[in-house]
There are 4 protein chains.
Amino acid sequence: MKTNLQNPLCGIIPPLVTPLKDNETLDIESLERLIEHLIQGGVNGLFILGTTGEEQSLSYRVRKQMIEETCRINQGRLPVLACITDTSIVESVKLSHTAADCGASGVVSAPPYYFATGQPELAEFYEELVPQLPLPIFLYNMPSHVKVSFDPQTVHRIAQNPQVVGFKDSSANGVYFQSVMYAMKDRPDFAMLVGPEEMTGQCVLMGGHGGINGGANLFPELYVAMYQAAKSHNIAEVLRLQQYIMQISCSIYKVGKHGSSYLKGLKCALSILGIINDDFVASPFNKFQAPEREKIRQALENLPIENGKLIL
Amino acid sequence: MKTNLQNPLCGIIPPLVTPLKDNETLDIESLERLIEHLIQGGVNGLFILGTTGEEQSLSYRVRKQMIEETCRINQGRLPVLACITDTSIVESVKLSHTAADCGASGVVSAPPYYFATGQPELAEFYEELVPQLPLPIFLYNMPSHVKVSFDPQTVHRIAQNPQVVGFKDSSANGVYFQSVMYAMKDRPDFAMLVGPEEMTGQCVLMGGHGGINGGANLFPELYVAMYQAAKSHNIAEVLRLQQYIMQISCSIYKVGKHGSSYLKGLKCALSILGIINDDFVASPFNKFQAPEREKIRQALENLPIENGKLIL
Amino acid sequence: MKTNLQNPLCGIIPPLVTPLKDNETLDIESLERLIEHLIQGGVNGLFILGTTGEEQSLSYRVRKQMIEETCRINQGRLPVLACITDTSIVESVKLSHTAADCGASGVVSAPPYYFATGQPELAEFYEELVPQLPLPIFLYNMPSHVKVSFDPQTVHRIAQNPQVVGFKDSSANGVYFQSVMYAMKDRPDFAMLVGPEEMTGQCVLMGGHGGINGGANLFPELYVAMYQAAKSHNIAEVLRLQQYIMQISCSIYKVGKHGSSYLKGLKCALSILGIINDDFVASPFNKFQAPEREKIRQALENLPIENGKLIL
Amino acid sequence: MKTNLQNPLCGIIPPLVTPLKDNETLDIESLERLIEHLIQGGVNGLFILGTTGEEQSLSYRVRKQMIEETCRINQGRLPVLACITDTSIVESVKLSHTAADCGASGVVSAPPYYFATGQPELAEFYEELVPQLPLPIFLYNMPSHVKVSFDPQTVHRIAQNPQVVGFKDSSANGVYFQSVMYAMKDRPDFAMLVGPEEMTGQCVLMGGHGGINGGANLFPELYVAMYQAAKSHNIAEVLRLQQYIMQISCSIYKVGKHGSSYLKGLKCALSILGIINDDFVASPFNKFQAPEREKIRQALENLPIENGKLIL
């Protein structure tokens, strides 16, 4: 299995939003602009079709297109990770072949999310899935959306297959992240990546390898700087940067009443900054209307932005 | 919009299991046998690709095939309802056209199940979806699997479109079912159907229209008899039949430790009774092994079965 | 163990609100009026210090006083059941002795509600508690408040002690209620009572013994009539009365945004009808303010009330 | 209001187990030994009657006695914080006066845990409670046990009263802890303390003030060393100590099947080490039996313990 992945994968790997014109039309121009913005921002990989990328809301045609276009635009500059999370193992495998054919470096998979599985069932599912994949795989823990959480021992069991090369945890549970780190302590090549950007600093300080942080779509430099500061144990800098990260988290992601605030706010801010043309959000959601958009604009004005970049 | 649906749809509409040879191979011979078994059992419709039908675990190719084959075998004898629940509105619409093209009578949809929606978002989703559908639609409440529940007022709002013709509730919440009934009290044409077979008797006694009951795959006569007894207010008979329904519920569905017990037990019992050839369960689940299968066999032996039928 | 309890206890046993002047002052005059109102309304018992009675919000002094005053006012006319739910087994036992000393007929207990117990722990807790009680006990299932639910087999295990004489289920789960009924089918003396009044009709039709329904504080006649209609299998009457029950449920209990709406709405309506003097709700809640009170008043005006009674 | 509390309170403040002979008998000799063990271990305060202290399982008599005896044994050497969490505001206030009379330095309160409150109700509860308390108060976030979580803005609102001097978070949610830190960023005197010991290192690195860590009952030196390492930004030492903390967490707290494993394992280990005489756990729990006790003994043998102390 050939791949250009680091061992383990480190740094900031943004979970790209999927720029859309409507439910069925990818906005390729915006995607090009977004990818150049991220590469210039110094990120270490591109993670597509995750929760932030609205994979589940997209048709399979658009999911496939998103993989193809990202790999085409990237031209091998960064590792591309494609999320293949699905309730159907057949569709997951199919998507993984698209990813391999397009030159992606790895795939990412959260547990099937309609039926809730017990831990042995979850392990057996991955023991069936992984050998069918043409690429290395990262497990993705996302209990708020998929209803089940990988037990640390289940991660350990599944990762006995060396094709399983890392773990993304979006549980926000700090005890849990440490427990998986501890269960995997004999696997220094196994990447431990954290989803919520509010925890990237602390997770890297504690030995984690990086973050798959949605805010890096907006301000890649900020999260890359946080990663570097934490990796080099510069606590003062970690604390300084954390203030910006929390300001973003507590303003841009908190407009709107429902769980969709994060996604709507992120796309809205990206469109205000001109990184994507339109903040269309796929069904079942709708983009913000004018009053919410105005609040996002004000939240951005409260940040020290010049020429679309945070002045750190 | 042409349909052969009753107004409202009444009676027992079994949620068919999907007979499989493996993850990607529909067992058509078993499907034929199952459908004839159900029609002979007196059921009032065929509901395919629901939770019991493992829709989410099947590839889109197999989902499509299941619709085609069911409609072919049925030959218009009963209304066919096809579940189109999906996280992608585009895929839902696509599946609904397959259903219409094959001659199905209606579609059924539970809320998108990856992202959790707020109530206004849920209403807007259906206000966008329903006009794109070529068939009448039943809403399907399944909070344990999709994480959100339709508020009674959301049902009322969505059902202002007359294309929305009924509701299936699998919440098992008796207050909730009554609350939706009350919210819809001015729509006598709106079908109120209950998922859990343990509640069919009481729901029909209280004015509900029928049940979409998994056990009817096994013993259609039992659930049809329960419906008739409840509809005709024959309480003694309701109570007598309820004992069989509870015996099945507390034995066949309770082997195994995880939430998958119901599905595995049902398919296992169907294969023991010879209604389907094999009890293969699609990933992420596996069928029962010998010890569990033996327990199911014993549970069946404790029922008064002759020639594959319950002697009521 | 001497008791005047029926075997099993049947009918409508209202869970009395606790009339208060402030957090620490029982309003005895209102309690007297409430109890006379209930007895005249034809109820079959008085259940005090349940969830509707705000047991947990009251000091132990007031809990004790509520038992004493209720028994004094009742003068043996009806069985009195006192809720002794507590996180401390010692305090539960203490309260049960107060109840016995005052002449109560039984006690009611929901599981300890700070720590969540596993099922064997739950069974062991009751196997330790019950022998220390001087009165028969009813188990009380209230998972939304105490986080754990009695498995039907746990009910069966605990009820092997004949001092355990009944079960109150406030889960609203119709499958669950049937499952406990089925587990206890060899104990015709074991009372199966339902909490949510929206389900009293159907539960009694299905063989349940009655309801512990909060609305019976307001309109005891309505719930008693529902019980009688269901018990005598008069379905038309059940359906007619159910409309009133649902109207109350969907109006009086639905003002306000939080889970406390039921309690605040019930006490507010009781005070508007003059049954209690003040609708003071103990901390952590506060009674409704003027706009919500006005909505309750309107909800009452939409009911056919004459001289404080529903004209059924 | 006189108190000897630091401003903010910093360091390791163990949540003491409550040594018991039976449900109603405090083991004072063990309590004396435990407190001397902790003071020698260098901890910064004594936190009694928390979750680890089984407050809710104890009678009020024993709660009161625990406060009295702890303050008597402590003789003013360390600040004592007494948990007054209760569902009844009257009982909370009463307990706070006991604490003040005995010389405790502060009280700690988690939200009422029977009824779930909305955020405005929660704020109003504390706005009513705090002025009645004779001591400074720490808010205690414990959503798994009390069902509600303080919104960061609710903490900010309640803490406008300067009598509210700190926050203990046992949610294990790293994003949440950062969000409360950010909401309170203008209050450098407000103590931010973390419950789960697996997170103490990272929380202190990120600017938190310390930990209320159950494991400190066993090995106070370990957690004090972790606090010091994190406070002095010695990451290598943090990572080294974290291995011991995780080893304890993944062995001693993981014997047994239910949520009670932590408590039973902790008391069992304390009794094996001779710090407390007996590991009696109050109802609704029971202490471990021989096989589990043997596993705890083995877990302790895998730690580098000499003369009852971890060799760090």
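A brief report on the enclosed structure follows.

Each value, and the rule that gives it
Residues numbered from 1 in each chain as written. Chains lettered and ligands numbered in written order. Predicted model: local features only at pLDDT ≥ 70, side-chain atom pairs only at ≥ 80, totals over all residues. Heavy atoms only, no water. Helix = DSSP H or I, 4+ residues; strand = E, 2+ residues; numbered from the N terminus. Buried < 20%, exposed > 50% of the residue type's maximum accessible area, 1.4 Å probe, protein only. Least-squares fit on C-alpha atoms with pLDDT ≥ 70 in both. Contact = heavy atoms within 4.5 Å. Pairing = 2+ DSSP bridges. Right-handed = clockwise from strand over helix to strand, strands pointing away. Expected span 1.5 Å × (residues − 1). Buried area = accessible area lost by both parts, 1.4 Å probe. Salt bridge = Lys/Arg side-chain N within 4 Å of Asp/Glu carboxyl O. Polar contact = N/O pair within 3.5 Å; in protein donor to acceptor, adjacent residues only side chain to side chain. Nonpolar A, V, L, I, M, F, W, Y, C, P; charged D, E, K, R; others polar. 1 Å grid on protein atoms, 1.4 Å probe; cavity = no way out; pocket = protein on both sides within 12 Å on 5 of 7 lines; lining within 4 Å. Points joined across faces, edges and corners; volume = space filled by probe spheres on them.

**Some words on the environment of Asn7 of chain B**
Residues and elements named next belong to chain B.
Then, in step 1: One can find Asn7 in the segment before strand E1 (11-12).
Then, in step 2: Residue class for Asn7 comes out exposed when judged on its relative accessible area of 61%.
Then, in step 3: Remark: the alpha-carbon pair of Asn7 and Ala236, spanning 229 residues in sequence, is separated by 29 Å.

**Some points on the relation of the copies chain C and chain B**
Then, in step 1: By a simple turn and slide, chain C fits onto chain B: the slide is 0.0 Å along the axis, the RMSD is 0.0 Å, and the turn is 180°. Expressed as an axis order, the relation between the two copies is that of a two-fold axis. Nearest to the rotation axis, the C-alpha of Asn173 of chain C is located 2.3 Å from it, this being the minimum over chain C.
Then, in step 2: Of the interface residues in chain C, 100% have counterparts in chain B that sit at the interface too, so the contact is made through matching surfaces.

**Here's the deal with the relation of the copies chain D and chain C**
Then, in step 1: Least-squares fitting of chain D to chain C yields an RMSD of 0.0 Å, with the superposition described by an axial translation of 0.0 Å and a rotation of 180°.
Then, in step 2: The overlap is high: 100% of the interface residues of chain D also sit at the interface in chain C, so the same surface is used on both sides.

**Focus on the pairing of strand E6 (residues 106-109) of chain C**
Residues and elements named next belong to chain C.
Then, in step 1: Residues Gly106 and Val108 point to one face of E6 and Val107 and Ser109 to the other, with burial holding for every one of them.
Then, in step 2: With three bridges joining them, strand E5 (residues 80-83) and E6 adopt parallel strand pairing. Opposite Cys83, over in E6, you have Val108 as the bridge partner.
Then, in step 3: Remark: the E5/helix H3 (residues 89-102)/E6 crossover connection has right-handed handedness.
Then, in step 4: Of the strand pairs in this sheet, E6 and strand E7 (residues 137-141) are connected by three bridges, and their pairing is parallel. Residue pairing for E7: Val108 is matched across the bridge by Phe138.
Then, in step 5: Note that the unit made of E6, helix H4 (residues 119-129) and E7 has a crossover that is right-handed.

**Regarding the arrangement of the chains**
Then, in step 1: As for chain C relative to chain A, no contact occurs, and the smallest C-alpha gap between them is 14 Å.
Then, in step 2: Looking at chain B next to chain D, you find no contact at all, with the nearest C-alpha pair sitting 14 Å apart.

**A word on helix H3 (residues 89-102) of chain A**
Then, in step 1: Compared with the 20 Å implied by 1.5 Å per residue over 14 residues, the 20 Å span of H3 of chain A between its first and last C-alpha is a close match.
Then, in step 2: Taken as a whole, H3 of chain A has its buried residues at Ile89, Val90, Glu91, Ser92, Val93, Leu95, Ser96, Thr98 and Ala99 of chain A.
Then, in step 3: Buried positions along H3 of chain A lie against helix H2 (60-74), strand E5 (80-83), strand E6 (106-109) and helix H4 (119-129) of chain A together with helix H2 (60-74) of chain B.
Then, in step 4: Where H3 of chain A terminates, the next one or two residues include Gly103 of chain A, which has phi positive at roughly 95°.

**A closer look at the interface of chain D and chain C**
Then, in step 1: Contacts between chain D and chain C engage 41 residues on the former and 41 residues on the latter.
Then, in step 2: Regarding the contact of chain D and chain C, the summed buried area is about 3,500 Å², with carbon and sulfur atoms giving 59% of it.
Then, in step 3: One can count two salt bridges joining chain D with chain C.
Then, in step 4: Across the pair Glu121 of chain C and Lys264 of chain D runs a salt bridge, and its minimum N-O distance is 2.7 Å.
Then, in step 5: At the junction of chain D and chain C, the tally comes to 20 residue pairs in polar contact (both at pLDDT 80 or more).
Then, in step 6: Looking at the side of chain D that touches chain C, the elements that each hand over two or more residues are helix H2 (60-74), helix H3 (89-102), helix H4 (119-129), helix H5 (143-146) and helix H11 (261-272) of chain D.
Then, in step 7: Examining the composition of the side of chain D that touches chain C, we find that five residues originate from one element, H4 of chain D, more than from any other.
Then, in step 8: In terms of residue class, the side of chain D that touches chain C is built from 17 nonpolar, 15 polar and nine charged.

**Considering H2 of chain D**
Residues and elements named next belong to chain D.
Then, in step 1: Taking 1.5 Å as the rise per residue, H2 with 15 residues should run 21 Å; its terminal C-alpha atoms sit 21 Å apart, in good agreement.
Then, in step 2: Of all 15 residues that make up H2, eleven are buried, and the element is covered over most of its length.
Then, in step 3: When H2 is considered as a whole, its buried residues turn out to be Tyr60, Val62, Arg63, Gln65, Met66, Ile67, Glu69, Thr70, Cys71, Ile73 and Asn74.
Then, in step 4: Downstream of H2 by one or two residues, Gln75 has phi in the positive range, about 50°.

**Some thoughts on the sheet that holds strand E9 (residues 191-194) of chain A**
Strand pairing in a sheet relies on backbone hydrogen bonds, with the paired strands running either antiparallel or parallel.
Residues and elements named next belong to chain A.
Then, in step 1: With parallel pairing, eight strands are arranged side by side in an open sheet as E1-E10-E9-E8-E7-E6-E5-E4. Every interior strand has two partners, whereas the edge strands, strand E1 (11-12) and strand E4 (46-48), have only one.
Then, in step 2: In this structure, E4 lies alongside E5, joined through three bridges in parallel fashion. Residue Ile48 lies in a different strand from E5, and its bridge partner there is Ala82.

**What to know about the layout of surface pockets**
Then, in step 1: When its volume is computed, the second largest pocket comes out at roughly 1,600 Å³.
Then, in step 2: For the lining of the second largest pocket, the secondary structure elements donating two or more residues are helix H6 (152-158) and helix H7 (174-183) of chain B together with helix H5 (143-146), helix H10 (235-251) and helix H11 (261-272) of chain C.
Then, in step 3: Here the lining of the second largest pocket takes five residues from H7 of chain B, the largest share from any one element.
Then, in step 4: Residue composition of the lining of the second largest pocket, grouped by class: 20 nonpolar, 18 polar and eight charged.

Remember, this is a structural readout, not a statement about activity or role.
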